[in-house]
Amino acid sequence: MKVSARNTFAGSVTNITKGAVNAEVTLSLKGGIPLTAVVTNGAIDNLGLTTGMEAYAIIKASSIIIGTDLHDAKISARNIFCGTIVKVIEGPVNTEVDSDIGGGNTISAVITHDSATRLELKAGDHACALFKASSVIIGVI
Amino acid sequence: MKVSARNTFAGSVTNITKGAVNAEVTLSLKGGIPLTAVVTNGAIDNLGLTTGMEAYAIIKASSIIIGTDLHDAKISARNIFCGTIVKVIEGPVNTEVDSDIGGGNTISAVITHDSATRLELKAGDHACALFKASSVIIGVI
Amino acid sequence: MKVSARNTFAGSVTNITKGAVNAEVTLSLKGGIPLTAVVTNGAIDNLGLTTGMEAYAIIKASSIIIGTDLHDAKISARNIFCGTIVKVIEGPVNTEVDSDIGGGNTISAVITHDSATRLELKAGDHACALFKASSVIIGVI
């Protein structure tokens with residue numbers, strides 16, 4: 001399977017909490033980084049997903065927000081991965097920002113060109129990638 | 001009503017499962033293709049949505065992931081529509097990929113330019129469009 | 001804290017409804033405009049979010065759909081903010097549309113270039129910005 005989503009992180013399932021419609025799944029990524037996803041109960045059942053299974057988290061670059069000066073951030077987004085910007089690709093409307101978040105992982109975000117300009121993002125800067133649990137798709141092999 | 005979202009699919013409501021906050025809605029699209037959406041209970045009440053009603057599903061192109069070689073895919077995204085790529089529009093950051101998924105339906109995805117290059121997507125290729133149930137907006141006429 | 005998300009609206013929390021996994025949060029923005037968000041229960045707990053607190057809603061431009069002729073719209077998206085288009089920035093794949101929605105607030109949407117062309121969007125036009133409750137991130141200071 002090959003998918004266009006730029007961000008795929010391997011890990012193992014550490015917890016599943018089911019509700020009436022949705023379920024919250026936590027993964028422990030390589031290096032012990034926790035990641036939280038919300039998927040439907042139907043998806044959990046289809047995948048046969050259980051605690052301890054190997055799985056991967058898929059997130060579209062367009063679902064990711066870049067933040068700086070987040071040390072004092074109080075924000076509902078469950079996933080905040082910080083690191084160093086390695087590449088900025090500018091377009092007329094959007095800009096792609098790729099950051100190294102350690103453990104050999106790179107995370108790609110697509111934000112508006114104006115935001116990239118306003119935040120003065122450039123390679124070498126410290127930055128954080130934020131995304132909601134609901135933006136994550138879970139895959140198993 | 002006119003909306004910018006590129007993807008609108010007509011169908012009828014086959015099931016509604018309400019939770020405390022969210023509800024899962026399944027539609028049967030033309031040709032019998034099933035589509036799953038998650039919206040809030042409040043939205044269900046506002047729309048007066050019930051089983052058997054005609055409704056349509058709206059999905060932004062940017063919420064859609066393109067996948068290839070998905071025959072063995074085990075992935076939480078509830079909606080996977082496969083077909084043939086009919087058009088690829090390239091930009092410096094993003095690329096639009098339009099696929100014919102049968103029954104006269106076309107689905108448009110906006111992915112990063114790098115992903116389109118990596119997957120070597122071009123008109124005529126077989127490809128699948130994936131999107132989460134939570135990316136779907138329901139409308140009624 | 002600085003984030004790339006183009007849309008940040010200040011308000012106060014008017015209601016929180018918790019489910020098993022997700023919670024629905026309503027904010028009253030400046031001018032009394034209601035905004036609905038869905039975040040995880042875990043996020044509510046992490047933030048210590050309670051009714052009456054000041055908070056802000058963050059929405060990525062790419063999560064927003066532009067609609068016209070919405071007076072008769074029956075649509076599940078919980079947030080519909082109408083106003084006047086003040087700027088259109090065109091790219092080869094995407095187009096940014098900025099609208100003044102009153103109270104000193106501007107909302108930015110990134111839609112496909114083809115949609116902007118189809119809807120004939122230009123500065124001065126009346127338009128509405130739609131987004132799902134699940135596209136909102138809540139922050140507190």
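All values derive from a computational prediction rather than experimental measurement. (Residues numbered from 1 in each chain as written. Chains lettered and ligands numbered in written order. Predicted model: local features only at pLDDT ≥ 70, side-chain atom pairs only at ≥ 80, totals over all residues. Heavy atoms only, no water.)

Draft legend 1. How the structure looks around the overall build of chain A. Assigned secondary structure in chain A consists of two helices and twelve strands. For chain A, the α and β elements follow one another from N to C terminus as β-β-β-β-α-β-β-β-β-β-β-α-β-β. At 15 Å, chain A has a C-alpha radius of gyration in line with the 14 Å of a compact globule built from 141 residues. By the burial criterion, 60% of the 141 residues in chain A qualify as buried. For chain A, long-range pairs separated by at least 24 residues make up 62% of all intrachain contacts whose partners lie at least 6 apart in sequence. Within the structure as shown, chain A displays about 5,200 Å² of accessible surface, and the carbon and sulfur contribution to it stands at 49%. With 11 positive and 12 negative side-chain charges, chain A shows a spacing of 6 Å between the two charge centroids. (Helix = DSSP H or I, 4+ residues; strand = E, 2+ residues; numbered from the N terminus. Rg over C-alpha atoms; globule rule 2.2 N^0.38 Å. Buried < 20%, exposed > 50% of the residue type's maximum accessible area, 1.4 Å probe, protein only. Contact = heavy atoms within 4.5 Å. Areas by Shrake-Rupley, 256 points an atom, 1.4 Å probe, with all protein chains shown as cover. Lys, Arg positive; Asp, Glu negative; His and termini not counted. Charge placed at Lys NZ, Arg CZ, Asp CG, Glu CD.)

Draft legend 2. Main features of the pairing of strand β2 (residues 7–18) of chain A. Residues and elements named next belong to chain A. Pairing of β2 with strand β5 (residues 54–59), which is carried by six bridges, proceeds in the antiparallel orientation. Residue pairing for β5: S12 is matched across the bridge by E54. Here β2 runs beside strand β3 (residues 22–29); their pairing, made up of seven bridges, is antiparallel. By the bridge assignment, S12 is partnered in β3 with S28. (Pairing = 2+ DSSP bridges.)

Draft legend 3. Inspection of the environment of K87 of chain C at higher detail. Within the secondary structure layout, K87 of chain C lies in strand β8 (residues 79–90). For the pair K87 of chain C and S99 of chain C, spaced twelve residues apart in sequence, the C-alpha separation works out to 7.0 Å. Beyond its immediate chain neighbours, meaning those up to four positions away, K87 of chain C contacts D114 of chain A together with E96, V97, D98 and A123 of chain C.

Draft legend 4. Expanded view of the interface of chain C and chain B. Contact with chain C, which involves 38 residues of that partner, is made by 37 residues of chain B. Buried area between chain C and chain B, summed over both chains or domains, comes out near 2,700 Å², and the portion from carbon and sulfur atoms is 60%. The interface formed by chain C and chain B contains two salt bridges. Among the ionic pairs, D114 of chain C bridges to R6 of chain B, the shortest N-O distance being 3.7 Å. (Buried area = accessible area lost by both parts, 1.4 Å probe. Salt bridge = Lys/Arg side-chain N within 4 Å of Asp/Glu carboxyl O.)

Draft legend 5. Structural view of the interface of chain C and chain A. The interface of chain C with chain A comprises 38 residues on the first partner and 38 residues on the second. Approximately 2,700 Å² of surface area, both sides summed, lies buried where chain C meets chain A, with 59% of it carried by carbon and sulfur atoms. The three residues of chain C that bury the most area against chain A are M1, S4 and K60 of chain C, which together make up 23% of that side's buried surface. Between the two partners, chain C and chain A, sit two salt bridges. Within the residue set of the side of chain C that touches chain A, elements represented by two or more residues are β1 (2–3), β4 (34–40), α1 (41–47), β5 (54–59), β8, β9 (94–100) and β12 (137–140) of chain C. A per-class count over the side of chain C that touches chain A returns 20 nonpolar, twelve polar and six charged. (Nonpolar A, V, L, I, M, F, W, Y, C, P; charged D, E, K, R; others polar.)

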